[in-house]
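# Working through the structure, step by step
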Amino acid sequence: YLALAALGRARAAQGQYDEALHLYQRAADIIPQPTIVAALGDLYAWLGKKAEAQRQYETVEFIAGLGEVNQVIYNRELALFYADHDMALDKALELAAREMAVRRDIYTYDTLAWVLYKNQRLEEAAKAMEEALRLGTQDPMLFFHAGMIYHGLGQAGLALQHLEKTMALNPHFSLLHQDQARQTMEQLRSAGGSGR
């Protein structure tokens, strides 16, 4: 199922949307993980199929509500889902905090940073993001989150630098966020922001 979802992500980046939908659906049929179901929903949303997207998003919330075990297993994924879709931001913060109590890895710090950003707690988000970036992991999503946080703080140079890293690593890093990254970069460049 992980390979099917990864291939679905690759096909979506290549513009082969029908095949991507099929692969994501096969992966979700095997194990309906929140990240896979959310990615399927995001692809439907990208294609303008809002009803199908909403069904997938409701499935993510259903999975989250199945029991405490799922909430523990999927704290990070659910927190990111809520933050990415501007839903239940208080709950996202609670889930991210629970995850921090268990795991203090770069992806948990990244999740906390993104959730804090979505809750307009920008200074705290920047501190968490510093922890997420401390090992120099080359992940476009980390750089995107950092870029948006620094943009929110009015630090144009740092924002542009991180968004440029995002797009250099993978211009198709996320159907949900790639347009926002491009638009923010253009806005920063036209305002005279420097990534150097």
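Right, let's walk through the structure included here.

Definitions and cut-offs
Residues numbered from 1 in each chain as written. Predicted model: local features only at pLDDT ≥ 70, side-chain atom pairs only at ≥ 80, totals over all residues. Heavy atoms only, no water. Phe/Tyr/Trp six-rings, centres within 6.5 Å; stacked < 30°, edge-to-face > 60°. Helix = DSSP H or I, 4+ residues; strand = E, 2+ residues; numbered from the N terminus. Buried < 20%, exposed > 50% of the residue type's maximum accessible area, 1.4 Å probe, protein only. Expected span 1.5 Å × (residues − 1). Axes fitted to C-alpha atoms, helices over the stretch in contact; angles between N-to-C directions. Parallel < 35°, antiparallel > 145°, perpendicular 65-115°, else oblique. Left-handed = near helix turned anticlockwise from the far one by under 90°. Contact = heavy atoms within 4.5 Å. Salt bridge = Lys/Arg side-chain N within 4 Å of Asp/Glu carboxyl O. Nonpolar A, V, L, I, M, F, W, Y, C, P; charged D, E, K, R; others polar.

## Some details on the packing of aromatic side chains
For the coordinates displayed, the defined rule picks out five aromatic pairs. Considering the side-chain rings of Trp-114 and Phe-144, the 5.5 Å spacing of their centres and the 55° angle between planes classify their relative orientation as tilted. Separated by 30 residues along the polypeptide, Trp-114 in helix 8 (residues 106–118) and Phe-144 in helix 10 (residues 140–152) bring together distant segments of the chain. Of the two residues examined, Trp-114 and Phe-144, each falls in the buried class. For the pair Phe-144 and Phe-173, a centre-to-centre distance of 5.4 Å together with 45° between the ring planes defines the contact as tilted.

## Regarding helix 6 (residues 75–84)
Of all ten residues that make up helix 6, seven are buried, and the element is covered over most of its length. Along helix 6, the residues that are buried comprise Asn-75, Arg-76, Leu-78, Ala-79, Phe-81, Tyr-82 and Ala-83. In the segment just after helix 6, Asp-86 is the residue with positive phi, at about 50°.

## A closer look at unusual backbone geometry
Backbone geometry places Asp-86, a non-glycine residue, at a positive phi of 50°. Note that Asp-86 resides in the loop between helix 6 and helix 7 (89–102).

## Let's talk about helix 9 (residues 122–133)
In this model helix 9 runs 16 Å from its N-terminal to its C-terminal C-alpha over twelve residues, within 8% of the 16 Å that 1.5 Å per residue would give. Of the residues making up helix 9, those classed as buried are Leu-122, Ala-125, Ala-126, Ala-128, Met-129, Ala-132 and Leu-133.

## Description of the packing of helix 7 against helix 8
Between helix 7 and helix 8, the least distance of the axes is 9 Å, while the angle of their chain directions is 155°. Classified by the angle their axes make, helix 7 and helix 8 are roughly antiparallel. The element helix 7 and its partner helix 8 pack so that their crossing is left-handed. Judged by residue contacts, Leu-89, Ala-92, Leu-93, Ala-96, Glu-99 and Met-100 of helix 7 engage Thr-108, Tyr-109, Thr-111, Leu-112, Val-115, Leu-116 and Lys-118 from helix 8.

## A few points about the pattern of salt bridges
A complete count under the given rule lists nine salt bridges for this structure. Its salt-bridge partner being Glu-124, residue Arg-121 comes within 2.9 Å of it at the nearest N-O pair. By relative accessible area, Arg-121 is classed as partly exposed at 34%. We classify Glu-124 as partly exposed; its relative accessible area is 38%.

## Some thoughts on the packing of helix 9 against helix 10
Angle between the axes and distance between the axes are the two parameters that describe a pair of packed helices. Close contact between helix 9 and helix 10 brings their axes to 10 Å; oriented N to C, the two are set at 150°. By the criterion of interaxial angle, the relationship of helix 9 to helix 10 is roughly antiparallel. The two elements helix 9 and helix 10 cross, and the hand of that crossing is left-handed. In this structure, helix 9 uses Leu-122, Ala-125, Ala-126, Met-129, Glu-130, Ala-132 and Leu-133 to contact helix 10, whose residues at the interface are Leu-142, Phe-143, His-145, Ala-146, Ile-149, Tyr-150 and Gly-152. Residues that form the contact of helix 9 with helix 10 fall into these classes: eleven nonpolar, two polar and one charged.

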